[in-house]
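Observations on chain architecture
Below, each chain spelled out in residue letters.
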Amino acid sequence: MGRRVVVTGIGLICGVGNTTEAVWKNLLAGNSGVRKITQFDASQFACQIAAEVQNFDPLQFVDKKELKKMGRFIYLALGAADEAINSSGLKITPENADRIGVHIGSGIGGFDIIEREHSNLLKGGPRKISPFFIPAAIINLAAGHVSMRYGAKGPNEATATACTTSAHSLGDSFRIIQHGDAEAMIAGGSEAAITPMGVGGFAAMRALSTRNDEPEKASRPWDTGRDGFVIGEGAGILILEELGFARSHDAPIIAEIVGYGMSGDAYHITQPAPEHEGGLRVMNNAIRDAKIKPADIGYVNAHGTSTPIGDVLEAHAIRNCFGDHKVPISSTKSMTGHLLGGAGGLEAGITVLALRDQILPPTINLENQEPETAGMDFVPNHSRKATIDYAISNSFGFGGTNGALLFRRWSE
């Protein structure tokens, strides 16, 4: 067995709040962050709604001069990392800097910058392209900026595995610490793809909800009225530490990460394999890694995107994994929308908070449950107190890439 790894800090930013506790409070209250798009004129788009981050001031975290060197996904990551580090009490010093790393990914990266600079090119020619274009847009610069800001000189990585990005970032960081290559990792993901090309591209696939007149009701996992996912933005960053290292600076231990699973569907660019057998394998892999039984799991934070096919197939995978054990399941994407590469970090943080407070966040907008999921408990519409020792967070991405993280309620 490798070294024990604990969660000591959480930083969450999304459409329902700009701090971890604000996010958690709104989720437990069942408040949706989905609204009409304000970042661009979406009146000509089939989908005109998204879960935008509201009233976020990047100048709290970034000097105005530095801001022009960053895509939106980068400064959202900086904001979440700042909260996570401060809440953990982690101090990076010359003595420990090379033992503290950063692993922050993004599914898409700087779409906003790519679109802006392409427009500059078309309007004014190549001389109008910013010299900061490339570093403002490429995915690994979220991790790069966080490492530079705090002086973390350990492993520095960025994963890009579509909507499984953050789960892989956290799981790989867990392995890095277990293996002894770092004592602590600042890990998770960030996404800011609410742009004309981002929304337009997913809309062209007919993947997005077009419930434009009722934004708050648009994301409705496992409901018969679901018609696609709602794109969200934000960041989810966790501080993972080796247990002894965390104790050495009296870190507030929130939960322990005890299992990580990966799998590939090898089936289709966007659709899960039949019966979501890749999702079944990834949950089984995480459970086996944690050396527990499926019946020990008290909560599943599902991928649950509100798509007609994906929701049903994930439900089949969960039913096949847990059998007669009726595990409570919820999709917080019903409130936050889908953060794409940032989803796994946000939802891992939410899963840890559920263990901390022994409360299950709801799946809102669940009015008429999909018949194929009859008998399954999706924590409909209202949060619920529960006694849970283990919880799992699922993430699935285009290309058939799957990740599952398994957390344990903290106890000595």
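Whatever comes next refers back to the structure up there.
Let me begin by describing the structure that accompanies this report.

So, how was this worked out
- Residues numbered from 1 in each chain as written.
- Predicted model: local features only at pLDDT ≥ 70, side-chain atom pairs only at ≥ 80, totals over all residues.
- Heavy atoms only, no water.
- Salt bridge = Lys/Arg side-chain N within 4 Å of Asp/Glu carboxyl O.
- Helix = DSSP H or I, 4+ residues; strand = E, 2+ residues; numbered from the N terminus.
- Buried < 20%, exposed > 50% of the residue type's maximum accessible area, 1.4 Å probe, protein only.
- Expected span 1.5 Å × (residues − 1).
- Contact = heavy atoms within 4.5 Å.
- Axes fitted to C-alpha atoms, helices over the stretch in contact; angles between N-to-C directions.
- Nonpolar A, V, L, I, M, F, W, Y, C, P; charged D, E, K, R; others polar.
- Parallel < 35°, antiparallel > 145°, perpendicular 65-115°, else oblique.
- Left-handed = near helix turned anticlockwise from the far one by under 90°.
- 1 Å grid on protein atoms, 1.4 Å probe; cavity = no way out; pocket = protein on both sides within 12 Å on 5 of 7 lines; lining within 4 Å.
- Points joined across faces, edges and corners; volume = space filled by probe spheres on them.
- Pairing = 2+ DSSP bridges.
- Phe/Tyr/Trp six-rings, centres within 6.5 Å; stacked < 30°, edge-to-face > 60°.

A few words now on the pattern of salt bridges. The tally for this structure, following the rule as stated, stands at 21 salt bridges. The partner of Arg 3 in a salt bridge is Glu 183, with the nearest N and O atoms 3.2 Å apart. Of the two residues, Arg 3 is situated in the segment before strand 1 (5-13) and Glu 183 in the loop between helix 7 (165-179) and strand 6 (184-191); the sequence distance between them amounts to 180 residues. Lys 333 is paired through a salt bridge with Glu 347; the nearest N and O atoms lie 2.9 Å apart. Highlighted residues: Lys 333 in helix 12 (residues 333-336) and Glu 347 in helix 13 (residues 343-357), separated in sequence by 14 residues. Summarising the burial analysis for this pair, Lys 333 and Glu 347 share the class buried.

Our next topic: helix 10 (residues 277-290). Along its 14 residues, helix 10 runs 20 Å from first to last C-alpha, staying within 8% of the 20 Å computed at 1.5 Å per residue. Residues of helix 10 that are buried: Gly 278, Gly 279, Val 282, Met 283, Ala 286, Ile 287 and Ala 290. Contacts made by the buried residues of helix 10 are with strand 8 (255-264), strand 9 (297-301), helix 11 (308-322), strand 13 (390-397) and strand 14 (401-409). Downstream of helix 10 by a residue or two, Lys 291 has a phi angle that is positive, lying close to 60°.

Attention now goes to the packing of helix 7 against helix 13. It is the contact of helix 7 with helix 13, at a shortest axis distance of 5 Å, that shows an interaxial angle of 65°. On the side of helix 7, the interface is formed by Ser 166, Ala 167 and Leu 170, while helix 13 contributes Ala 343, Gly 344, Gly 345 and Ala 348. For the contact of helix 7 with helix 13, the residue count by class is 4 nonpolar, 3 polar and no charged.

To continue, consider the packing of helix 10 against helix 11. At a minimum axis separation of 8 Å, helix 10 and helix 11 run at an interaxial angle of 40°. Considering the angle they form, helix 10 stands oblique to helix 11. Considering the relative orientation of helix 10 and helix 11, their crossing is right-handed. Across from Gly 279, Leu 280, Met 283, Asn 284 and Ile 287 in helix 10, the residues of helix 11 making contact are Ala 317, Ile 318, Asn 320, Cys 321 and Phe 322. Its residues assigned to classes, the contact of helix 10 with helix 11 comprises 7 nonpolar, 3 polar and no charged.

What follows concerns the layout of surface pockets. Taken as a whole, the largest pocket holds about 570 Å³ of empty space. Residue lining of the largest pocket: 31 residues in total, with Thr 270, Pro 272, Thr 305, Thr 307 and Phe 398 positioned closest to the centre. Elements supplying a minimum of two residues to the lining of the largest pocket: helix 11 and strand 13. Sort the elements by how many residues they give to the lining of the largest pocket and helix 11 lands first, with 5 residues. Split into classes, the residues belonging to the lining of the largest pocket amount to 12 nonpolar, 15 polar and 4 charged.

This part is about the pairing of strand 14. With 8 of 9 residues buried, strand 14 is to be regarded as a mostly interior element. Bridging between strand 8 and strand 14 involves 9 bridges; their strand directions are antiparallel. What sits directly across from Gly 259, in strand 14, is Leu 406. Of the pairings in the sheet, the one linking strand 13 to strand 14 comprises 8 bridges and is antiparallel in character. Directly across from Ile 392, in strand 14, lies its bridge partner Leu 406. Turn length for the strand 13-strand 14 hairpin, with the two strands adjacent in sequence and antiparallel, is 3 residues, and the turn residue Gly 399 shows positive phi of about 85°.

A few words on the sheet that holds strand 13. Pairing within the open sheet is mixed, and its 10 strands lie in the order 5-4-6-7-1-8-14-13-9-10. Edge strands, defined here as strands with exactly one partner in the open sheet, are strand 5 (156-157) and strand 10 (329-330). Bridge analysis of strand 4 (residues 100-105) against strand 5 gives 2 bridges, and the strand direction is parallel. When the bridges of strand 5 are listed, His 103 appears paired with Glu 157.

Applying the stated criterion across every chain, the model contains 6 aromatic pairs. Centroid distance Phe 56 to Phe 61: 5.6 Å. Interplanar angle 15°. Geometry classified as stacked. For the pair Phe 56 and Phe 61, one class covers both residues: buried. Ring centres 6.4 Å apart and planes at 55° place the aromatic pair Phe 202 and Phe 398 in the tilted group. Remark: Phe 398 occurs in the loop between strand 13 and strand 14 and Phe 202 occurs in helix 8 (residues 196-204); sequence separation between them is 196 residues. Looking at Phe 202, the relative accessible area reads 12%, which means it is buried.

On to unusual backbone geometry, then. The backbone of Trp 222 shows a phi angle near 65°, a positive value even though the residue is not glycine. As for its placement among the helices and strands, Trp 222 is situated in the loop between helix 8 and strand 7 (234-242). Backbone geometry places Lys 291, a non-glycine residue, at a positive phi of 60°. With respect to the helices, strands and loops of the structure, Lys 291 is situated in the loop between helix 10 and strand 9. Of the residues examined, Lys 291 reaches a relative accessible area of 66% and is grouped as exposed.

Look at helix 13: 21 Å from first C-alpha to last across 15 residues, which is about the 21 Å you get at 1.5 Å a residue. One or two residues past the end of helix 13 sits Gln 358, with phi positive at roughly 55°.

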